[in-house]
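# Report on the structure
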Amino acid sequence: MREIIITVATISSISGVLAFLLSLANKTIGNYGEKTVTINDEKDYIVEGGETLLSALIEENIFIPSACGGKGSCGYCKVKVLEGGGQFLPTEKGYVTEEEREQGIRLSCQCKVKENMKIEIPEELFNVEQFETTVTKMEDLTDKIKLVRLEFQDGKEMDYKPGQYIQILTPIYKESFEEIYRAYSITTPPSSKNAIELFIGYAGGICTTYVHDYLKEGDPLSIVGPFGDFQYREGDKEMVMVAIGTGMAPIMSILRYMAEKGIDRKVTFYFGARTRSDQYMMDELEELKEKLPRFELKLCLSRPTEQCNWTGEVGRVTDLLEKFEENGENKEAYLCGSPPMIDAVIPILKDKGFKEEDILYDKFE
Ligand code: FES
């Protein structure tokens, strides 16, 4: 066992050093000098050539969404490149459709600034800011999920919509050689402007390891945001929400917002967990029924044990939907969780008559 740990630690260290050397080589050997990035045909930024477009824009305090820290595995960092950017790369293929490619869509974490560029980004990204926060609460919700409360320093406030997310800037620490951004949904309603809360599940990655094993109350933490089109839509359609694990986070923000505003819409929340100890926020969800009279909570466990003493539904959220959802007419769906869960739920909803444009989803990588 000890040998395995040493081997893993050695490989991680070597990879970290190699990544550092590569980025250093990129900056020194590939010296492209200063380049101009023109955004939306109106603003010019002089940036250091050779960096990825994503990094170059961050240096200018322009934050393009990114859930994977620039690793090319989330597909969030799309921008429209009108000029420059070089050849379309194989690493972009899985995330940029043929149609998008024809329009010049690129992954900003993959294409590098080697020449002057002209790009287009949504105007709202100019409003995304970096905030310095202080961790004021950390609580174990399950053995893998922590609630983290962040209060903004210097009296700053954030305007966001229910369902949106922020990115944590994970600092360099004992187990990571680089600063990286990771995305987490806000669980609080927009009325909470000077503090937000997140549900952060342990996944073994750089950020979740930092949060679970190193971060503590009183620590500072930088975040950027808000981001995301997965937002509560005003209207009177019946709402169907589906989540597993920390996918509950943006759903909580939406439900809390509706409760605060006294929005009386029929809403059914399907939440799946493995065992009873993976269920959390159950008391608050029950209490929400008092403020949202047409709110229904449907739970299932996929692997209940004897200790669970569970008499409810057994199976996955897909089984729940098959059983309880009948007709998708005049309904809208909010899905949040792992990509396989969302990929499994969408066809079920479409079969039941949900329109494609009424299925909103947020895939957690
Ligand atoms: S940041 Fe994730 S794919 Fe570019």
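The following paragraphs examine the structure supplied in this document. (Residues numbered from 1 in each chain as written. Predicted model: local features only at pLDDT ≥ 70, side-chain atom pairs only at ≥ 80, totals over all residues. Heavy atoms only, no water.)

## Focus on the overall build of the protein
For clarity, the threshold we go by: Secondary structure elements are defined from DSSP: runs of H or I of at least 4 residues count as helices, runs of E of at least 2 residues count as strands, and each element is numbered from the N terminus. In this description the radius of gyration comes from C-alpha coordinates, and the expected globular size is given by 2.2 Å times residues to the power 0.38. Relative accessibility thresholds used throughout: buried, under 20% of the residue-type maximum; exposed, over 50%; partly exposed, between the two (1.4 Å probe, protein chains only). Note on definitions: a residue-residue contact is assigned when non-hydrogen atoms from the two residues lie within 4.5 Å. For every accessible area listed, the method is Shrake-Rupley and the probe measures 1.4 Å; residues are considered covered only by the protein chains on display. For the charge count, each Lys or Arg is scored as positive and each Asp or Glu as negative, with His and the chain ends excluded. Throughout, a charge is located at the NZ atom of Lys, the CZ atom of Arg, the CG atom of Asp or the CD atom of Glu.
If you tally the helices and strands in the protein, you get 8 helices and 17 strands. For the protein, whose C-alpha radius of gyration is 22 Å, the value lies close to the compact-globule estimate of 21 Å for 365 residues. In terms of principal-axis extent, the alpha carbons of the protein reach across some 65 × 50 × 40 Å. By the burial criterion, 49% of the 365 residues in the protein qualify as buried. Contacts in the protein between residues at least 24 apart in sequence constitute 69% of all its contacts with a sequence separation of at least 6. Total accessible area on the protein stands at roughly 18,600 Å², and carbon and sulfur atoms take up 48% of it. Where the 43 positive side-chain charges of the protein centre and where its 63 negative ones centre are 3 Å apart.

## Some remarks on the side chain of T209
By the element assignment, T209 lies in helix α4 (residues 206-213). The contact partners of T209, leaving out residues within four places of it in the chain, are Y173, E175, Y202, G204 and Y214.

## Description of the packing of aromatic side chains
Two descriptors summarise a pair of aromatic rings, namely the distance from one centre to the other and the angle between the planes of the rings. We apply this condition: The criterion for an aromatic pair is that two Phe, Tyr or Trp rings (for Trp, the six-membered ring) have centres within 6.5 Å, with stacked assigned to planes under 30 degrees apart, edge-to-face to planes over 60 apart and tilted to the rest. We count a charge as sitting over a ring when the NZ of a lysine or the CZ of an arginine lies within 6 Å of the ring centre and within 35 degrees of the ring normal.
What the rule picks out here adds up to 12 aromatic pairs. Measuring from centroid to centroid gives 6.0 Å for F230 and Y334, while their planes differ by 80°, and the two rings are edge-to-face. Taken together, the residues span a long stretch of sequence, with F230 in the loop between β11 (220-227) and β12 (238-244) and Y334 in strand β16 (residues 331-337) at a distance of 104 residues. Their ring planes at 50° and their centres at 5.9 Å tell us that F269 and F271 sit as a pair that is tilted. On the basis of relative accessibility, which here comes to 0%, the residue F269 falls in the buried class. In textbook terms, an aromatic cluster arises when at least three aromatic residues are bridged by ring pairs, as seen for F199, F269, F271 and Y280. Sitting over the face of the ring of F131, K156 holds its NZ or CZ atom 5.1 Å from the ring centroid.

## Focus: helix α5 (residues 248-261)
Where we set the bar: In this analysis, the expected span of each helix is defined as 1.5 Å times one less than the number of residues it contains.
A rise of 1.5 Å per residue sets the reference length of α5, with its 14 residues, at 20 Å; its end C-alpha atoms lie 20 Å apart and thus fit the reference within 8%. Counted residue by residue, α5 has 12 buried out of 14 residues, so it is predominantly covered. Along α5, the residues that are buried comprise M248, A249, P250, I251, M252, S253, I254, L255, R256, Y257, M258 and A259. Directly beyond the C-terminal end of α5, a positive phi value near 65° is found at G262.

## Here's the deal with unusual backbone geometry
With omega at 0°, the peptide bond leading from G225 into P226 counts as cis. Although it is not a glycine, M281 sits at a positive phi angle of roughly 60°. In this fold, M281 is placed in the loop between β13 (267-273) and α6 (282-291). Phi at N309 takes a positive value of approximately 50°, unusual for a residue other than glycine. As for its position among the elements, N309 is in the loop between β14 (295-301) and β15 (313-314). Judged by relative accessible area, N309 falls into the exposed class, the value being 63%.

## Things to note about the packing of α5 against α6
Short version of the rule: Axis angles are defined between N-to-C directions and span 0 to 180 degrees, where every axis is a line fitted to C-alpha atoms and, for a helix, only to the segment in contact. Any angle between 65 and 115 degrees counts as roughly perpendicular, while under 35 counts as roughly parallel, over 145 as roughly antiparallel, and the rest as oblique. Less than a right angle of anticlockwise turn of the near helix away from the far helix marks a crossing as left-handed, whereas a clockwise turn marks it as right-handed. Ten residue types, Ala, Val, Leu, Ile, Met, Phe, Trp, Tyr, Cys and Pro, are classed as nonpolar, four, Asp, Glu, Lys and Arg, as charged, and the remainder, Gly among them, as polar.
Direction vectors running N to C along α5 and α6 enclose 30°, while the axes themselves pass 10 Å from each other. One finds that α5 runs roughly parallel with respect to α6. Crossing handedness for the pair α5 and α6: left-handed. Contacts between α5 and α6 involve M248, M252, L255, R256 and A259 from the first element and M282, E284, L285, L288 and K291 from the second. For the contact of α5 with α6, the residue count by class is 7 nonpolar, no polar and 3 charged.

## What about the sheet that holds strand β6 (residues 129-140)?
To keep it simple, the criterion reads: The criterion for strand pairing is that DSSP finds at least two bridges linking the strands in question.
Taking strand neighbours across the sheet as the criterion, the 6 strands line up as β9-β8-β11-β6-β7-β10 in an open arrangement whose pairing is antiparallel. Here the strands that pair on one side only, and so sit at the sheet edges, are β9 (180-185) and β10 (195-201). Across the sheet, the axes of successive neighbouring strands diverge by a mean angle of 40°, strand direction being ignored.

## Quick look at the sheet that holds β12
Judged by pairing direction, the sheet is parallel, and its 6 strands sit side by side in the order β15-β14-β13-β12-β16-β17 without closing on themselves. Of all the strands in the sheet, the pair left with one neighbour each is β15 and β17 (359-363). Relative to β16, β12 runs parallel, the two sharing 6 bridges. Note that in β16 the partner of M239 across the bridge is E332. Sheet strands in contact with α5 are β12, β13, β14 and β16, and its direction is about 145° off that of β12. Contacts between α6 and the sheet are confined to β13 and β14, with β14 contributing the most and set at about 150° to the helix.

## Quick notes on the pattern of salt bridges
Note the threshold: Each salt bridge in this description consists of a side-chain nitrogen of Lys or Arg and a carboxyl oxygen of Asp or Glu lying within 4 Å of one another.
Per the counting criterion, the structure on display carries 26 salt bridges. The closest approach of N and O atoms between K363 and D343, which form a salt bridge, is 2.8 Å. Pair noted here: K363 is in strand β17 and D343 is in helix α8 (residues 339-351), with a separation of 20 residues, a long-range link. According to the relative accessible area criterion, D343 is partly exposed, its value standing at 44%. Members of the salt-bridge network, linked through shared partners, are R233, K237, R265, E332 and D358.

Read these as geometric descriptors, not functional statements.
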